[in-house]
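Each chain is listed here by its residues.
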Amino acid sequence: MLGSAEVIAVVLPEHLQRLLSQAEEQRQSGCRGRYAPSPTGRLHLGNLRTALLSWLITRLQGGEWLLRLDDLDTPRNRPGAEQIILEDLSWLGLHWDGSVLRQSERRGLYATVLSSLRRDGLLYPCRCSRRLLADISAPHGRSPVYPGFCRPLPPQWGPEQGRLPSWRLRLPPGELQWSECLGPDGCLDAGSEVGDVVLRRSDGLFAYHLATAVDEALLGVRDVVRGIDLWHTTAPQVALMRCLGSGLPRYWHVPLWTDSQGERLSKRDGGMGLPALQQEGHDAAGVIGLMAASVNLVPEGSRLSAQELLQSSSLEALIKYLGSKA
Ligand code: GLU
């Protein structure tokens, strides 16, 4: 078996180094959590429960809770979705600290990190067509491991037949490990289970892994609470954070809410959102009660505000219940 993946550190410009050390101080000094929805539609009840858990886990540790909009995949963004997400979270009493962060406003940071990675030989251009590969842009589910077709080719960055390449991270071999609070620590083999992920897509958009890793690193996030469907995405993100010389967050991958047939709710099929519940006569206290009961924090039929839930919950109880489901 191979050991831990070797770290190839990248040299970042001084202003980013400074931001990184400030972020590291923040990470060491206490809990900072974040919720990072994509404005691709209205949040359904499952997304809202993940938001509630992220808020609760952060607040139970006395931490700051950031709201970051993962809005880089512009073709998938829906007009008005951001506003509705903010309204729904506020209606539930899930208030965030500071101003809303938008990845679309942080493109300069991602571009600088990419240039440094490229200059230090950690990226290579890839011209494999989408047809050849399964869709590698979606953060959900497990994407196929890229077999490295373009790794040995000469690094030609310009357009070919009118198309630019995508840029992949050259992952060093070995195991990528991270700390999980609700289950066994994560560990995946870089070569056989992760592969060289895309950091910049051929359409020029910064990819999810790049933006997420740069943000966790530079925002000093200590606790990442998100759906278990994103478990596999942690390995490349951790690899990238290590290249940047950043400390790592710890991860809370929480179970997804499933319907009575065991199918997970999805934005696409309109999987129950707040309007349906509001039409049934639920107010915010009713919805918080419903979500909290689904993770065993309160009895069925409870009605309480997010603040009341915070006051009556304990991290131990949450870990015990969620850990048994993860
Ligand atoms: N924006 C992603 C989503 O809505 C979540 C990303 C993350 O939490 O890392 O699925």
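Refer to the structure printed above.
Residues numbered from 1 in each chain as written. Predicted model: local features only at pLDDT ≥ 70, side-chain atom pairs only at ≥ 80, totals over all residues. Heavy atoms only, no water.

**Q** Teacher, can you tell me more about the nonpolar core here?
**A** When a protein is soluble and globular, its nonpolar side chains tend to lie buried together. Residues Y110, V113, L117, L169, L176, L199 and L210 are the most contacted members of the largest nonpolar core, which totals 43 residues. Of all elements in the fold, only α1 (14–29), α4 (107–119), β5 (166–169), β6 (175–178), α5 (190–194), α6 (208–218) and α7 (234–243) reach the threshold of two or more residues within this core. Dropping the residues within four chain positions of it, L117 is found in contact with V10, L122, L123, L199, L210, L240 and C243. Formed by 41 residues, the second largest nonpolar core is a distinct cluster that contains L53, L274, M291 and A306. (Core = buried A, V, L, I, M, F, W, Y, C linked by side-chain atoms within 4.5 Å. Buried < 20%, exposed > 50% of the residue type's maximum accessible area, 1.4 Å probe, protein only. Helix = DSSP H or I, 4+ residues; strand = E, 2+ residues; numbered from the N terminus. Contact = heavy atoms within 4.5 Å.)

**Q** Help me understand the packing of α1 against α6, please; the structure alone is not making it clear to me.
**A** Describing two packed helices takes the angle between their axes plus the distance from one axis to the other. Following both chains from N to C, one finds α1 and α6 inclined at 65°, their axes separated by 7 Å at the closest point. By the angle between their directions, the pair α1 and α6 is classed as roughly perpendicular. Only E216, A217 and L218 of α6 make contact with α1, whose side of the interface consists of L16, L19, L20, A23 and R27. Here the contact of α1 with α6 is composed, by residue class, of 6 nonpolar, no polar and 2 charged. (Axes fitted to C-alpha atoms, helices over the stretch in contact; angles between N-to-C directions. Parallel < 35°, antiparallel > 145°, perpendicular 65-115°, else oblique. Nonpolar A, V, L, I, M, F, W, Y, C, P; charged D, E, K, R; others polar.)

**Q** Sorry, what's going on with empty space enclosed by the protein here?
**A** Space left empty within the atom packing is revealed by a probe, the size of a water molecule, rolled over the atoms. The full count for this structure, using the stated rule, is 2 cavities of 30 Å³ or more. Considered as a void within the structure, the largest cavity measures approximately 70 Å³ in volume. Residue lining of the largest cavity: A5, E6, V7, I8, L169, L171, P172, L176, A239, L240, R242 and C243, and that is the complete set. Here the residues of the lining of the largest cavity are counted per class, giving 10 nonpolar, no polar and 2 charged. (1 Å grid on protein atoms, 1.4 Å probe; cavity = no way out; pocket = protein on both sides within 12 Å on 5 of 7 lines; lining within 4 Å. Points joined across faces, edges and corners; volume = space filled by probe spheres on them.)

**Q** Hey, could you run me through the sheet that holds strand β1 (residues 32–35) in this one?
**A** Strands belonging to one sheet form pairs held by backbone hydrogen bonds; the direction of such a pair is parallel or antiparallel. Strand order in the open sheet made by the 5 strands is β3-β2-β1-β9-β10, with parallel pairing throughout. Strands at the two margins of the open sheet, each flanked by one partner only, are β3 (101–102) and β10 (250–254). Where β1 lies against strand β2 (residues 64–69), 4 bridges are found, and the strand directions are parallel. Each residue of the ladder has a partner; that of Y35, found in β2, is L67. Packed onto the sheet, helix α3 (residues 81–91) meets β1, β2 and β3 and runs at close to 160° relative to β2. (Pairing = 2+ DSSP bridges.)

**Q** Honestly, the packing of aromatic side chains in this entry has me stumped. Any pointers?
**A** Each aromatic ring pair is characterised by the separation of its centres together with the angle its planes make. In this structure the tally under the stated criterion is 5 aromatic pairs. Both rings, one in W157 and one in W167, keep their centres 4.9 Å apart while their planes meet at 75°; by these two values the pair is edge-to-face. Of the two residues, W157 sits in the loop between β4 (123–126) and β5 while W167 sits in strand β5, which places them 10 residues apart along the sequence. Classification of W167 by relative accessible area gives buried; the value is 14%. (Phe/Tyr/Trp six-rings, centres within 6.5 Å; stacked < 30°, edge-to-face > 60°.)

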